[in-house]
Structure formats: C-alpha cells, structure tokens
Amino acid sequence: MTTMMSSALPATALVRPIDTVGVMPQGLTDTDGERIAAAIAAARTESTRRVYAGVWSRWERWCASRGVAVLPSDPLAVCAYLTEQAADGRAMGTLDLICTVIRHVHRMCDLHNPTDALAVHQVRRGLRRTYGSAPRRLARPLSVEEIHQIVDGIDRATPIGIRDAAMILLGYASALRRSELVALTLGDIEDKPAGLLLHIRRSKTDPDGHGAVVGVAHGQRAATDPVAALNAWRGIRGAAPGPVFTRIWGSTISLQALTGHVPARMLRARAEAAGLDGTRITAHSMRAGHATTAALAGVPLDRIAAQTRHKDIGVLVNRYIRPLEALAATSSKDLGL
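What this report covers is the structure whose coordinates are included nearby. Values in this document were obtained by computation on a predicted structure and should not be read as measured data. (Residues numbered from 1 in each chain as written. Predicted model: local features only at pLDDT ≥ 70, side-chain atom pairs only at ≥ 80, totals over all residues. Heavy atoms only, no water.)

Observations regarding unusual backbone geometry
Then, in step 1: For the bond from L71 to P72, the omega torsion is -10 degrees, close enough to zero to count as cis.
Then, in step 2: Summarising the element assignment, P72 is placed in the loop between α3 (46-66) and α4 (75-87). (Helix = DSSP H or I, 4+ residues; strand = E, 2+ residues; numbered from the N terminus.)

Here we look at the sheet that holds strand β4 (residues 195-200)
Then, in step 1: The three strands are arranged β3-β4-β5 in an open sheet whose pairing can be described as antiparallel. A single partner strand is all that each edge strand has here, and the edge strands are β3 (189-192) and β5 (212-217). Across the sheet, the axes of successive neighbouring strands diverge by a mean angle of 25 degrees, strand direction being ignored.
Then, in step 2: Where β3 and β4 come together, four bridges link them in antiparallel fashion. What sits directly across from D191, in β4, is L196.
Then, in step 3: Against the sheet, helix α8 (residues 159-174) makes contact with β4 and β5, and its axis sits at roughly 115 degrees relative to β5, the strand it touches most. (Pairing = 2+ DSSP bridges. Axes fitted to C-alpha atoms, helices over the stretch in contact; angles between N-to-C directions. Contact = heavy atoms within 4.5 Å.)

Concerning the nonpolar core
Then, in step 1: One finds I168, L170, L198 and F245 to be the most contacted residues of the largest nonpolar core, which totals 40 residues.
Then, in step 2: Looking at this core element by element, the count peaks at eight residues for α8.
Then, in step 3: Judged by nonpolar contacts, the second largest core, of 25 residues, contains V55, C63, V70 and A77. (Core = buried A, V, L, I, M, F, W, Y, C linked by side-chain atoms within 4.5 Å. Buried < 20%, exposed > 50% of the residue type's maximum accessible area, 1.4 Å probe, protein only.)

Looking at the pattern of salt bridges
Then, in step 1: Enumeration according to the criterion identifies 11 salt bridges in this entry.
Then, in step 2: A salt bridge links E180 to R177, with the shortest nitrogen-to-oxygen separation between them at 2.8 Å. One exposure class covers both E180 and R177, and it is buried.
Then, in step 3: Taking the shortest distance from any N to any O, the salt bridge between D191 and R234 comes out at 2.8 Å. Within this pair, whereas D191 is found in strand β3, its partner R234 is found in helix α10 (residues 226-237), the two being separated by 43 residues in sequence.
Then, in step 4: Judged by its relative accessible area of 17%, R234 falls in the buried class.
Then, in step 5: Linked by salt bridges that have partners in common, D96, R124 and R128 make up one network. (Salt bridge = Lys/Arg side-chain N within 4 Å of Asp/Glu carboxyl O.)

Examining the packing of aromatic side chains
Then, in step 1: In total, this model carries three aromatic pairs according to the counting rule given.
Then, in step 2: Centroid distance W59 to Y81: 5.0 Å. Interplanar angle 55 degrees. Geometry classified as tilted. Separated by 22 residues along the polypeptide, W59 in helix α3 and Y81 in helix α4 bring together distant segments of the chain. Like Y81, W59 is buried. (Phe/Tyr/Trp six-rings, centres within 6.5 Å; stacked < 30°, edge-to-face > 60°.)

A few points about the environment of A271
Then, in step 1: Mapped onto the elements, A271 comes out in helix α11 (residues 261-273).
Then, in step 2: Here A271 falls in the buried class, since its relative accessible area comes to 0%.
Then, in step 3: With 117 residues separating them in the primary sequence, A271 and I154 have C-alpha atoms 9.9 Å apart.
Then, in step 4: The residues touching A271, leaving out its near neighbours within four places in the chain, are I150, L276 and I281.

What to know about helix α12 (residues 284-296)
Then, in step 1: Its 13 residues place the ends of α12 18 Å apart at the C-alpha level, agreeing with the 18 Å of an ideal helix rising 1.5 Å per residue.
Then, in step 2: All of the buried residues along α12 are S285, M286, R287, A288, G289, H290, A291, T292, A294 and A295.
Then, in step 3: Two residues or fewer past α12, G298 is found with a positive phi of approximately 85 degrees. (Expected span 1.5 Å × (residues − 1).)

A word on the packing of α8 against α10
Then, in step 1: Running from amino to carboxyl end, α8 crosses α10 at an angle of 145 degrees, the nearest separation of the two axes being 8 Å. Relative to α10, α8 is oriented so that their crossing is left-handed. Of the residues in α10, those touching α8 at P159, I162, R163, A165, A166, L169, L170 and A173 are P226, A229, L230, A232, W233 and I236. (Left-handed = near helix turned anticlockwise from the far one by under 90°.)

Digging into α4
Then, in step 1: In a regular helix each residue adds 1.5 Å, so 13 residues correspond to 18 Å; α4 covers 18 Å between its end C-alpha atoms and thus fits that length.
Then, in step 2: Within the sequence span of α4, burial applies to A77, V78, C79, Y81, L82, Q85 and A86.
Then, in step 3: Residues of α4 that are buried in the fold lie against α3, α5 (92-108) and α6 (118-131).
Then, in step 4: G89 sits one or two residues past α4 and shows a positive phi near 100 degrees.

Shown next, in the form of structure tokens:
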C-alpha cells in the first residue's frame with residue numbers, strides 16, 4: 001500500500017493521511033496517487049489555497065499560544081478564537097472564512113468538524129447581532145471625472161506611466177476583477193473595428209473555466225480611450241506571448257506577470273498623486289465605478305450585469321443601484337434646509 005498527503009491541504013497543516021484517498025488500495029501506483037493529489041489540489045485555485053494556508057497558519061499559531069490542540073480542534077477553542085477576532089475588528093466575512101478553513105482541514109483529515117457544534121453556531125449568530133454582517137470598508141466607486149483626473153496626472157512618456165494608464169482605463173471600461181485583469185494574456189485580446197473583445201478564461205464565479213467574453217468600446221476622448229491606451233502599452237511591451245500587464249524593472253519591461261495586489265496599490269498611489277483621498281480606493285473601485293456610473297447614465301440593469309457578470313443580480317442592485325435611487329428620491333431635499 002502507498003500513502004500520500006493531500007496537497008489540497010494548507011501547506012502548514014500537520015495532518016495524517018486521508019483514509020478514503022490517502023491510502024492507495026492494492027493495484028494502484030504512486031503515479032495514480034500523484035494524479036489524484038493534483039486533482040484534489042486543482043479543486044481550488046492557487047490564490048484560494050494561499051488564502052486558506054494563511055488563515056490556517058494564524059489559527060495554528062493561536063492554538064500554540066493557548067496550549068490547545070489544533071487537530072482535532074475543540075469547538076470552544078474555535079468560539080474563543082472567533083470572539084477574539086471579532087473584538088479585534090475582524091469583519092464577519094473574515095470570521096466565516098476562518099470557519100470555512102477549519103471545516104475544510106478537518107474534512108480533509110476525516111475528522112469531526114468542530115464548526116458544526118451548537119456553541120459555534122450560537123457564537124457566530126451572536127457576533128452577527130453584536131457587530132453586524134455588512135462589509136465594513138466597501139471600495140469607493142470612482143466616477144468618470146475622477147478617472148480623468150487620475151490618468152491626466154500620469155506621465156505617459158514613461159513605460160510605467162503607459163502601463164498604469166492602460167491598466168486603469170481598461171480595468172474601468174471592462175469592469176474586470178483585479179484577478180482577471182492581471183491574468184489577461186496577449187492571446188486573450190481580440191481586436192475588432194468597434195473596440196476589443198477580452199476572453200476571460202477563468203474567474204471568481206467561473207472556477208471551472210467555462211470562459212466569458214467581455215467587450216470594450218473605443219473611448220470618446222483620446223486621452224481616456226481604453227483601446228488606444230492598451231495599444232500604446234502593447235506597442236512598447238512587445239508581441240512576445242504572455243501576460244498583458246507585466247512588471248517593469250527600472251526602464252526594463254519584463255514578461256513577469258503582476259500579482260493581484262499591484263492594481264490596488266498602483267491605483268491608490270495614482271489617485272493620491274492626483275489629489276484624491278485614497279482611503280477607500282482599491283482595485284474594486286474601477287469595477288464598482290463602472291457599475292455605478294452606468295446606472296447613473298440610465299443603462300439597463302441587464303446590460304450592466306452582462307458586463308460585470310454578476311450572477312447574483314441582488315448584489316448589483318443592493319450595492320450599486322439602490323444607493324443611487326435613495327439619493328435621487330430622498331425627501332430630505334424638499335425640506336428647505
């Protein structure tokens with residue numbers, strides 16, 4: 001018999017082999033085991049595995065500091081950790097992720113899931129009532145005028161300025177997620193007379209890689225035309241296959257892909273350089289700004305949803321549309337204050 005450790009587990013987890021998968025029956029080989037492990041690992045994206053590993057590592061360190069067992073985890077220890085995290089200001093989404101990771105590792109180890117305990121359910125419900133479950137720091141949507149202000153302040157005589165302007169304008173016009181933006185390759189871009197077609201191979205809501213196509217039209221101003229900005233960047237990046245947006249070392253343009261954190265840091269820095277408050281500006285500010293600006297312009301909801309590829313229309317309505325309607329319809333403007 002051959003045993004294997006599932007690579008789907010966080011790298012820091014100390015686990016025993018999984019009986020139903022980890023112990024290979026007679027007749028199966030090490031190669032079979034490696035293929036099974038690879039398939040299990042592929043069940044979640046690399047970025048998800050990194051997030052899980054980080055969450056599990058922090059849980060391990062907390063358990064070590066308290067002298068409690070990490071595997072199997074005691075439900076009351078989970079309760080204590082959740083309440084401490086909430087008191088430290090962690091959002092409910094973060095607490096939910098902690099429970100998801102703890103459940104995942106225990107399931108992979110064929111251990112009883114401590115988050116199923118009644119005490120954990122009651123603590124999570126109580127924390128929601130105490131702290132609320134709404135996101136605490138939503139990204140601020142950027143308006144078209146603010147995008148103009150940001151890109152007008154970029155020196156497009158430099159490679160990094162050309163790249164950043166292209167990334168901002170394409171990100172805003174396409175409403176892509178930051179992970180999708182940095183994952184674009186030259187082969188994913190299809191030039192058309194009316195603009196561009198972006199082939200999104202995989203996304204947050206499409207983990208199985210069915211793919212989607214997003215259109216980007218020519219802009220109305222030369223300085224903010226996303227197609228022209230991307231063409232300018234492609235002109236100096238070169239035609240070598242690989243990611244569209246790459247790292248720049250000094251004046252040297254590499255073919256190394258950007259991480260998902262780069263668009264957020266870059267956009268905030270460019271916004272602050274243009275005189276804007278960067279406190280709530282993230283990479284999502286481009287996607288949120290597209291949806292909000294389109295709604296203000298009267299674009300039908302189905303067209304906005306088709307562009308942003310929101311599967312849950314309620315998210316689009318509640319997060320972007322209703323706040324605009326509330327401001328437009330508020331009776332406070334008729335009070336004469």
